Amino acid sequence: MNFGFRRINGEEFEIALSKSAPNEIVGAALSTEENANAYAIFADGKNIGVFRECGGFVDCFAVDSDSYRYAETAFSEAIENLDLSGAKAFTADSKLVSLCLSLPHTASADKLCYMFSVERERTYVPLRCAAISDLPNLSALGFVSENRLEKLIGRHSVYVCDGFDGAVGFGIAERTGETASAISAFVDVRYRCGGVGSAIFHRLGSLCMDYAQTPIAFCDANDFACRKALDNAGFACFEKRLKFNFARR
């Protein structure tokens, strides 16, 4: 069996993934990464699936159900042929985790996945939908690239929290499928530790629920400030993403 891998664009990847997406958690996580490369997987010339790598780490590997017997070999070939360092797999994506475990590796948790679990009484903090005129100020905060922010503002996915002298923070609620939205909150360093982050997370979580969307938030495992903000906003950690570093052959 000969395996091949061909670069595809983001639209092709999304179409292919819609037929064999692992789950809504993976879909939400994939939407938050900006600089990724997607590939179609071929076995003896037949397209059997897709995968994506970001920064040298596979974060999605989806093979058609009738070709899954080739998945382990195709995965190993992709890692070797493209000289990839490892993979990042959510524990909910059991197939990718299983493929990672088939190779010599070390692993640790690098990201936590939170879901809105309880409505809490909080001081109401107004958020407004961002306009394109907000782009320079929001991008200047340094959290999200101007290009990505511009796209998200165009999709009405960015919400601004204003203070007396401008934006103190903003949130993103990006719909990632029929039932889930990936949310995030960013606070100007001058206004941290005052509950702004928790308030933004809470408002976005409630907003998603109003639209019958499951709000999913991601947090680096060592980002204790973000973890505290999510806990205070009524979110609970229910999944972890494992970072696999593969041993070089």
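Calculation notes
- Residues numbered from 1 in each chain as written.
- Predicted model: local features only at pLDDT ≥ 70, side-chain atom pairs only at ≥ 80, totals over all residues.
- Heavy atoms only, no water.
- Phe/Tyr/Trp six-rings, centres within 6.5 Å; stacked < 30°, edge-to-face > 60°.
- Helix = DSSP H or I, 4+ residues; strand = E, 2+ residues; numbered from the N terminus.
- Buried < 20%, exposed > 50% of the residue type's maximum accessible area, 1.4 Å probe, protein only.
- Lys NZ or Arg CZ within 6 Å of the ring centre and 35° of its normal.
- Salt bridge = Lys/Arg side-chain N within 4 Å of Asp/Glu carboxyl O.

Novice: Would you take a moment to explain the packing of aromatic side chains for this structure?
Specialist: The geometry of two aromatic rings is summed up by the distance between their centres and the angle between their planes. Inspection of the entire model under this criterion finds 10 aromatic pairs. Ring geometry for Phe 51 versus Phe 61: centroids 5.6 Å apart, planes at 35°, classification tilted. Of this pair, Phe 51 sits in strand 3 (residues 46-54) while Phe 61 sits in strand 4 (residues 57-63), and the two are 10 residues apart along the sequence. Like Phe 51, the residue Phe 61 is buried in the burial classification. Judged by centre distance (5.4 Å) and plane angle (25°), the rings of Phe 143 and Phe 186 are stacked. A residue pair is termed long-range when its members are at least 10 positions apart, and Phe 143 in the loop between helix 5 (135-140) and helix 6 (146-154) and Phe 186 in strand 10 (residues 180-187) qualify at 43 residues. On the basis of relative accessibility, which here comes to 17%, the residue Phe 186 falls in the buried class. Put simply, the rings of Phe 5, Tyr 39, Phe 51, Phe 61, Phe 75 and Phe 246 pair up and form one aromatic cluster. One cation-aromatic arrangement involves Lys 95 over Tyr 68; the distance from NZ or CZ to the ring centre is 4.9 Å.

Novice: I keep staring at unusual backbone geometry and nothing clicks. Help me out?
Specialist: Note: most peptide bonds trans; most residues except glycine with negative phi. Of note, His 156 is a non-glycine position whose phi angle comes to about 60°, a positive value. Residue position: His 156 is located in the loop between helix 6 and strand 8 (158-163). Residue classification places His 156 among the exposed residues on the basis of a relative accessible area of 54%. Not every positive phi belongs to a glycine, and Cys 193 is a case in point at roughly 70°. Along the chain, the position of Cys 193 falls in the loop between strand 10 and helix 7 (196-210). Relative accessible area serves as the criterion here: at 88%, Cys 193 is assigned to the exposed category.

Novice: Honestly, the pattern of salt bridges in this entry has me stumped. Any pointers?
Specialist: Opposite charge on two side chains makes pairing possible when the charged atoms of those side chains draw close. One pass over the full model with this rule turns up eight salt bridges. Between Lys 111 and Asp 220 there is a salt bridge; the shortest N-O distance is 2.9 Å. With Lys 111 in strand 6 (residues 105-116) and Asp 220 in strand 11 (residues 214-220), this pair connects stretches of sequence that are 109 residues apart. According to the relative accessible area criterion, Lys 111 is buried, its value standing at 16%. Judged by its relative accessible area of 41%, Asp 220 falls in the partly exposed class. Ionic pairing is found between Asp 162 and Arg 128, a salt bridge with its closest N-O pair at 2.6 Å. Of this pair, Asp 162 sits in strand 8 while Arg 128 sits in strand 7 (residues 128-129); the two residues are 34 residues apart in sequence, bridging distant segments of the chain. Here the salt bridges share partners, and the residues they tie into one network are Arg 128, Asp 134 and Asp 162.

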